[in-house]
Amino acid sequence: MNNNNIFEMEGIVINTMPNATFKIKLENGFIINSYVSGKIRKNFIKIMIGDRVKVLISDYDLTKGRIIHRL
């Protein structure tokens, strides 16, 4: 399966929510809900308000994303 419908963007964490979800403000000004990927969760990497993160977004639902890297 080819994943041409997934793209990466950078953003800043503006709010933390229950169940390891976050509100992210992207570079282009949009605000999305994101959850933490399994590798970040497995390695106990903490994400706090103000952190810059890299997010994977699918073009099927542009309001949700997955945090894959903390910058």
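Cut-offs applied
- Residues numbered from 1 in each chain as written.
- Predicted model: local features only at pLDDT ≥ 70, side-chain atom pairs only at ≥ 80, totals over all residues.
- Heavy atoms only, no water.
- Helix = DSSP H or I, 4+ residues; strand = E, 2+ residues; numbered from the N terminus.
- Rg over C-alpha atoms; globule rule 2.2 N^0.38 Å.
- Buried < 20%, exposed > 50% of the residue type's maximum accessible area, 1.4 Å probe, protein only.
- Contact = heavy atoms within 4.5 Å.
- Areas by Shrake-Rupley, 256 points an atom, 1.4 Å probe, with all protein chains shown as cover.
- Lys, Arg positive; Asp, Glu negative; His and termini not counted.
- Charge placed at Lys NZ, Arg CZ, Asp CG, Glu CD.

> An account of the overall build of the chain is requested, with residue identities and associated values reported.
In terms of regular secondary structure, the chain is built from one helix and five strands. Listing the helices and strands of the chain from first to last along the sequence gives β-β-β-α-β-β. The C-alpha atoms of the chain give a radius of gyration of 11 Å, which matches the 11 Å a tight globule of 71 residues would have. Once the C-alpha set of the chain is aligned to its principal axes, its extents read approximately 30 × 30 × 20 Å. For the chain, the proportion of its 71 residues judged to be buried stands at 28%. The contacts in the chain between residues at least 6 apart in sequence include a share of 49% that link residues at least 24 apart. Surface summary for the chain: the accessible area is close to 5,100 Å², and the carbon and sulfur share equals 55%. Computed over 11 positive and 6 negative side-chain charges, the separation of the two mean positions in the chain equals 9 Å.

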